[in-house]
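Summary of the model geometry
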Amino acid sequence: MELRSLKYLIAVAGAGSISRAAQELHMTQPPLSAAIAQLEQELGSRLFHRTSRGVTLTATGQYLLREAERILEAVDEATYRVRSLEQGNEGLVTLGVMPAASWELIPAILSDFSARAPGVDIRLREHASGEVPELTANGKLDLGFVVTSSAERLQQRHSGVLQVERLTSVDIIIALGSRFRDAPDPISLRELIDIPFALPMHTSEVLSLREATLQAFEHNGLPLPRVLDTLTLQESLPLIISGIAAAAVPATIRRIVSDEVVLKNLEAGPAPFDLAVVYQDEYSLSPAAQRFLNSARNVGGRLEEIRSR
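Residues numbered from 1 in each chain as written. Predicted model: local features only at pLDDT ≥ 70, side-chain atom pairs only at ≥ 80, totals over all residues. Heavy atoms only, no water.

Tallying each qualifying case throughout the model produces three aromatic pairs. Ring geometry for Phe197 versus Phe217: centroids 5.3 Å apart, planes at 90°, classification edge-to-face. Of this pair, Phe197 sits in strand β9 (residues 197-200) while Phe217 sits in helix α9 (residues 209-219); the two residues are 20 residues apart in sequence, bridging distant segments of the chain. Grouping residues by exposure puts Phe197 and Phe217 together as buried. Each residue in the set Phe113, Phe145 and Phe292 is aromatic and connected to the rest through ring pairs, giving one cluster. (Phe/Tyr/Trp six-rings, centres within 6.5 Å; stacked < 30°, edge-to-face > 60°. Helix = DSSP H or I, 4+ residues; strand = E, 2+ residues; numbered from the N terminus. Buried < 20%, exposed > 50% of the residue type's maximum accessible area, 1.4 Å probe, protein only.)

Next up on the list: helix α10 (residues 233-241). All buried positions along α10 are accounted for by Leu233, Ser236, Leu237 and Ile240. Take α10 and look down its axis: the buried residues cluster within an arc of 120°, on one side only. Of the residues one or two after α10, Gly243 is the one with positive phi, at around 85°. (Arc of directions from axis to C-beta.)

This part is about the environment of Ala216. Position of Ala216 among the secondary structure elements: in helix α9. On the basis of relative accessibility, which here comes to 6%, the residue Ala216 falls in the buried class. For Ala216, the contacting residues outside a window of four places in its chain are Leu189, Ala268, Gly269 and Pro270. (Contact = heavy atoms within 4.5 Å.)

Right, dumping it as structure tokens:
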């Protein structure tokens, strides 16, 4: 049964006359009469009582009318949903985020994106640094957001598997306990050689924050500090607050730490790290994920403008 036949049924039932229905459908009466007769023959049931005053629905016609209206409403809804999905107005986007990216970059992207596509659901998961590219490459994530010493070198490492797109950069600063509150800003590494550094474990994803910190000591001709291993930067915070250790951290941490943590700029410290997005292939992204990627680019561009001022 064609959808057109169901529309004809609704038109005739509403008009109460085949001739008036034909006028509403902008067609002549004979083709409409033939279409209704063909529908009745296909179903093996009379749908209309025909009288000199017009047509009225039979019991089976009344049943089919209700079903026709329901079917056409469902078709209209499905058509709307398909178009909405194709335009990226609905759907689900799964994101993997390193904690340092979630402090400033991700909230800004989510704000931009939700204003453009409020009907899209977001599934957000935090992962350790090395896990985000791996999960994205395995198709577990649509998009991954990482903090890396070099987006370019990360792209080289995952060439042919992932796309790595730098969005902006973040300065590396030092987090200290309260006894350093009156220390100079910026503070030099030389003033920190006697305090242990809480550093995340090494990751195979190019130069890690741990390696960058230790290299900064080497480049300044200073002895390497004692290292306290942590899995994440968050695990470093109790050691910092207690005064046991210091930690080199992305400057975006300013948004989440309390006054108990003293943050200083670092003289001759590690170079800024890149905030980047990783994904398998732009053309394989769902429309909703593509829109999220565009929001990420927009926000990255705005942050770059702020950094350049």
